[in-house]
Amino acid sequence: MQAPSPLELEDAPAGPPKGTLLARLEDLPPHGGKELVFRDGTMVLRLIVQRTGYASAVVYENRCPHAGTPLNMFDDKFLDITGRRLICRTHGALFETDSGKCVRGPCKGDYLRPVAVTIEDGVIYSA
Ligand code: FES
């Protein structure tokens, strides 16, 4: 299975326009994760922001490829106990942080949908 093309948020239902400030790396909590939720009427778009280094982060649609649920259940924590992979709390699928590829669980080989972003001076913008 191939990684999906990055989601351009301005083309997504409830997505913000290109160039929208999504997060500042310095504002992310110590565990580095943050859920962003955009709403437009009944449309809802959930994103995962996960810091991966001093000046780096990944952004994915917060939708598990297995059953379509958000990976998190009630907070901004997306990492497993090792702190190296993203975990879906519904059935336990594990995803490589950098690629979004599921490496263990019911959707093994499938991918989280990446989001098109740019990171400039520690700020993440939709691209
Ligand atoms: S919905 Fe994520 S592993 Fe089943």
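Residues numbered from 1 in each chain as written. Predicted model: local features only at pLDDT ≥ 70, side-chain atom pairs only at ≥ 80, totals over all residues. Heavy atoms only, no water.

Colleague: Describe the sheet that holds strand β6 (residues 94-96), listing the residues and the values that go with them.
Modeller: If you walk across this open sheet you meet the 3 strands as β5-β6-β7, and the pairing is antiparallel. The sheet terminates laterally at β5 (85-87) and β7 (102-104), the two strands that pair on one side only. Across the sheet, the mean angle from the axis of one strand to that of its neighbour is 40°, orientation sign disregarded. Pairing analysis gives 3 bridges linking β5 to β6, with the strands arranged antiparallel. (Pairing = 2+ DSSP bridges. Helix = DSSP H or I, 4+ residues; strand = E, 2+ residues; numbered from the N terminus. Axes fitted to C-alpha atoms, helices over the stretch in contact; angles between N-to-C directions.)

Colleague: Tell me about the pattern of salt bridges, and name the residues and values.
Modeller: Taken as a whole, this structure holds 3 salt bridges when the rule is applied. A salt bridge links E35 to R46, with the nearest nitrogen and oxygen atoms 3.5 Å apart. One end of the pair, E35, is in strand β2 (residues 33-40); the other, R46, is in strand β3 (residues 43-53), and 11 residues separate them in sequence. Across the pair R85 and D80 runs a salt bridge whose closest N-O atoms are separated by 3.2 Å. With a relative accessible area of 10%, D80 lands in the buried category. (Salt bridge = Lys/Arg side-chain N within 4 Å of Asp/Glu carboxyl O. Buried < 20%, exposed > 50% of the residue type's maximum accessible area, 1.4 Å probe, protein only.)

Colleague: Could you give me a rundown of the sheet that holds strand β9 (residues 123-126), with the residues and numbers involved?
Modeller: Across the sheet, which stays open at both edges, the 3 strands sit in the order β1-β9-β8 with antiparallel pairing between neighbours. Single-partner strands in this sheet number two, and they are β1 (21-24) and β8 (117-120). The average undirected angle you get between the axes of adjacent strands in this sheet is 20°. As defined by bridge partners, β1 adjoins β9 across 3 bridges and the pair is classed as antiparallel. Note on β9: the bridge partner recorded for R24 is V123.

Colleague: Explain unusual backbone geometry residue by residue, including any values.
Modeller: Among all residues except glycine, the phi angle is most often negative; among peptide bonds, the trans geometry is most common. The phi dihedral of A14 falls on the positive side, at around 75°, and the residue is not glycine. You can call A14 buried: its relative accessible area is 13%. Positive phi, normally seen in glycine, also occurs at D121, with a value near 50°. By the secondary structure assignment, D121 is in the loop between β8 and β9.

Colleague: How would you explain the side chain of N62 if you had to name every residue and give the values?
Modeller: Along the chain, N62 turns up in the loop between β4 (56-61) and β5. Relative accessible area serves as the criterion here: at 3%, N62 is assigned to the buried category. One polar contact links N62 to E35, side chain to side chain, over a distance of 2.8 Å. When neighbours within four sequence positions are excluded, N62 is seen to be in contact with E35, R46, L47, I48, T69, P70, L71, N72 and F78. (Polar contact = N/O pair within 3.5 Å; in protein donor to acceptor, adjacent residues only side chain to side chain. Contact = heavy atoms within 4.5 Å.)

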